[in-house]
Amino acid sequence: LGIAAGLDKNAEYVDCLAILGIGFIEVGTVTPRPQPGNPKPRIFRNRKEKYLINRLGFNNKGVDNLVENLKKRKSSLPVGISIGKNFDTKNDQAYADYLICMEKVYEYSSYIAINISSPNTKDLRDLSSTEYLDSLLKELKIKQTELSKKYGYKPLYIKLSPDEEPHKLEEICEIILINHIDGIICCNTTVQHNDKNGQGGLSGSPLTDRALESLKLVRKVVGNNFPLIASGGVMTATDFQERIEAGADLVQIYTGFIFEGPRLIEDINLTSIQRN
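The following paragraphs examine the structure supplied in this document. Everything numeric here is computed off the predicted structure, so don't read it as measured data.

**Describing the nonpolar core**
Line of reasoning, step 1. Grouped together as the largest cluster of nonpolar side chains are 73 residues, with contacts concentrated most on Ile 83, Tyr 98 and Ile 184.
Line of reasoning, step 2. With 7 residues, the top contributor of residues to this core is helix α6 (residues 208-222).
Line of reasoning, step 3. Residues in contact with Tyr 98, not counting those within four places in the same chain, are Ile 83, Gly 84, Lys 85, Ile 114, Asn 115, Ile 116, Leu 124, Leu 127, Leu 136 and Leu 140.
Line of reasoning, step 4. Listed in part, the 6 residues of the second largest apolar core include Phe 24, Tyr 111, Ala 113 and Ile 185.

And the structure:
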């Protein structure tokens, strides 16, 4: 059980979160240069239906700040690092932003998550199209091979959108497999909602079923031995267990933690112990 990216964007709270009983944390998403993100208000909570709408837009203090924070941490908790592009970097140059971040965080990561699925950076999701994805993954794989000679092998995970049509999701998975990427995170927030606050990514209870179905499809396409991290709509211990039964190797929470607090971590861990 881990914490998904977005809760600790700048790796400022790794040691605090480590004591709650989680097995790993994913920090970020971080970009090469600091950026303030989208205009406020940009995050909204629906308490009745237990979901969040966010249109944050990769607000973060930049990759150099994140690295300095990771150097200071005291816990040995495994840390994944989610990387992205700056909002003003064009998609045909996006690979350069990912390579900058990857080179700087590699030494301090347990794995690196490639975020091409946030709905809150203009045109970012276009990076999952065949026009961009294959060349991006090839560049990342070359850099991974280069850096692994100095720092050891660190897995690369691609974070997918839950809004892809099934045939497109299968196509993306095939490109990931062809390029020997190490794993998939399934999945990010959804834009398919009618919340009164307007556009943004929805996370929480309404995403639960959609994220689970995406996970099942991805597992079917990639086979039984390909590493998958399940994320999205994990609000209860039952949701966690359903992800494991659907083929997830690891599971992340975020919005469930916002609504339920540390009790959710305790409930999931206790249930897992009892079932095992």
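**Brief notes about the sheet that holds strand β3 (residues 43-46)**
Line of reasoning, step 1. As summarised here, the arrangement of the 3 strands in space is β3-β4-β9, forming an open sheet in which the pairing is antiparallel. In this open sheet, the two edge strands, each paired with only one partner strand, are β3 and β9 (201-204). Averaged over all pairs of adjacent strands, the angle between strand axes in this sheet comes to 20 degrees, irrespective of strand direction.
Line of reasoning, step 2. Relative to β9, strand β4 (residues 51-54) runs antiparallel, the two being bridged by 4 bridges. Of the residues in β9, the one forming a bridge with Ile 53 is Leu 202.

**Looking at unusual backbone geometry**
Line of reasoning, step 1. Thr 29 follows Gly 28 through a cis peptide bond whose omega is 15 degrees.
Line of reasoning, step 2. Inspection of the secondary structure assignment puts Thr 29 in strand β2 (residues 24-30).
Line of reasoning, step 3. Of the consecutive residues Cys 186 and Cys 187, the connecting peptide bond is found in the cis state with omega at 15 degrees.
Line of reasoning, step 4. Mapped onto the elements, Cys 187 comes out in the loop between β8 (183-186) and β9.
Line of reasoning, step 5. Of note, Lys 50 is a non-glycine position whose phi angle comes to about 55 degrees, a positive value.
Line of reasoning, step 6. Residue classification places Lys 50 among the partly exposed positions, given a relative accessible area of 33%.

**So, the layout of surface pockets**
Line of reasoning, step 1. The volume enclosed by the largest pocket comes to roughly 200 Å³.
Line of reasoning, step 2. Of the residues contributing to the lining of the largest pocket, the split by class is 3 nonpolar, 6 polar and 1 charged.

**Let's talk about helix α2 (residues 63-72)**
Line of reasoning, step 1. Considered for burial, the residues of α2 that qualify are Val 63, Leu 66, Val 67, Asn 69 and Leu 70. One face of α2 carries all of its buried residues, which in axial projection span an arc of 160 degrees.
Line of reasoning, step 2. Contacts made by the buried residues of α2 are with α1 (14-18), β2, β5 (79-83) and α3 (94-105).

**What about empty space enclosed by the protein?**
Empty space among the atoms becomes apparent when a probe as large as a water molecule is rolled across them.
Line of reasoning, step 1. One pass over the full model with this rule turns up 2 cavities of 30 Å³ or more.
Line of reasoning, step 2. Lining the largest cavity are 33 residues, and of these Ala 5, Asn 54, Asn 188, Thr 189 and Tyr 254 lie nearest its centre.
Line of reasoning, step 3. Elements with a minimum of two residues in the lining of the largest cavity: β2, β4, β9, β11 (250-253) and α8 (255-260).
Line of reasoning, step 4. Classifying every residue of the lining of the largest cavity gives 13 nonpolar, 18 polar and 2 charged.
Line of reasoning, step 5. Counted as a void, the second largest cavity has a volume near 30 Å³.
Line of reasoning, step 6. For the second largest cavity, the full set of lining residues is Ile 116, Ser 117, Arg 125, Ser 128, Leu 160, Ser 161, Glu 164 and Ile 172.
Line of reasoning, step 7. A per-class count over the lining of the second largest cavity returns 3 nonpolar, 3 polar and 2 charged.

**Remarks on the pattern of salt bridges**
Line of reasoning, step 1. Inspection of every chain in the model, using the stated rule, returns 17 salt bridges.
Line of reasoning, step 2. Linking Lys 138 and Asp 134 is a salt bridge whose minimum nitrogen-to-oxygen distance equals 2.9 Å. One end of the pair is Lys 138 and the other is Asp 134, both in helix α4 (residues 130-151) and 4 residues apart, which spans about a single turn.
Line of reasoning, step 3. For Asp 134, a relative accessible area of 26% corresponds to the partly exposed category.

**Some words on helix α7 (residues 237-245)**
Line of reasoning, step 1. When we look at burial in α7, the residues that qualify are Ala 237, Asp 239, Phe 240, Gln 241 and Arg 243.
Line of reasoning, step 2. Buried residues along α7 sit against α6, β10 (228-230), β11 and α9 (262-275).
Line of reasoning, step 3. Where α7 begins, the side chain of Thr 236 points an oxygen toward the backbone nitrogen of Thr 238, at a separation of 3.3 Å.
Line of reasoning, step 4. Looking one or two residues beyond α7, the residue adopting positive phi is Gly 247, at roughly 115 degrees.

Calculation rules
- Residues numbered from 1 in each chain as written.
- Predicted model: local features only at pLDDT ≥ 70, side-chain atom pairs only at ≥ 80, totals over all residues.
- Heavy atoms only, no water.
- Core = buried A, V, L, I, M, F, W, Y, C linked by side-chain atoms within 4.5 Å.
- Buried < 20%, exposed > 50% of the residue type's maximum accessible area, 1.4 Å probe, protein only.
- Helix = DSSP H or I, 4+ residues; strand = E, 2+ residues; numbered from the N terminus.
- Contact = heavy atoms within 4.5 Å.
- Pairing = 2+ DSSP bridges.
- Axes fitted to C-alpha atoms, helices over the stretch in contact; angles between N-to-C directions.
- 1 Å grid on protein atoms, 1.4 Å probe; cavity = no way out; pocket = protein on both sides within 12 Å on 5 of 7 lines; lining within 4 Å.
- Points joined across faces, edges and corners; volume = space filled by probe spheres on them.
- Nonpolar A, V, L, I, M, F, W, Y, C, P; charged D, E, K, R; others polar.
- Arc of directions from axis to C-beta.
- Salt bridge = Lys/Arg side-chain N within 4 Å of Asp/Glu carboxyl O.
- Polar contact = N/O pair within 3.5 Å; in protein donor to acceptor, adjacent residues only side chain to side chain.

Functional significance is not addressed by these values, which are geometric in nature.
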